[in-house]
Amino acid sequence: EVDRPEAGGGRLTIAAMKLSVTFAGNPCVYQGSPTLMITGAAEAELAVTGATLSKQAGGFLCPNSFALTATYRLSAPAPLYVSWPSG
């Protein structure tokens, strides 16, 4: 789901995102619904800070949850802006 609280930018919520990682040599699977901020520009950015993902699968060495923090720069499509249809 995408919404647009400001001109050119917005928020992207990814429902039921699953992420597979290896922690201390053990496979772990996490799930959550993070919201990424979209900054529109010639090289747009998607950023998430501190979104909690909960453990869905993995052994006792896998933490029960973790905070996802990441920034992605998009080179295509360029430019990228969030807009509503007119009319």
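Scroll up to find the structure this text is about.
What counts as what
Residues numbered from 1 in each chain as written. Predicted model: local features only at pLDDT ≥ 70, side-chain atom pairs only at ≥ 80, totals over all residues. Heavy atoms only, no water. Helix = DSSP H or I, 4+ residues; strand = E, 2+ residues; numbered from the N terminus. Contact = heavy atoms within 4.5 Å. Core = buried A, V, L, I, M, F, W, Y, C linked by side-chain atoms within 4.5 Å. Buried < 20%, exposed > 50% of the residue type's maximum accessible area, 1.4 Å probe, protein only.

### Points about the environment of Phe23
Inspection of the secondary structure puts Phe23 in strand β3 (residues 17-23). Distance in space between the C-alpha atoms of Phe23 and Cys62 is 6.2 Å, their sequence separation being 39 residues. Dropping the residues within four chain positions of it, Phe23 is found in contact with Cys28, Leu61, Cys62 and Pro63.

### Here we look at the nonpolar core
The biggest cluster of nonpolar side chains holds 13 residues, and the ones touching the most others in it are Tyr30, Val48, Leu53 and Leu68. Those elements that place two or more of their residues in this core are β4 (26-32), β5 (35-39), β6 (44-58) and β7 (65-74). Sorting elements by how many residues they give to this core places β6 first, with four residues. When near neighbours in sequence (up to four residues on either side) are disregarded, Leu53 contacts Met17, Leu19, Tyr30, Gln31, Gly32, Pro34, Asn64, Ser65, Phe66 and Leu68.

Coordinates in, geometry out; function isn't part of it.
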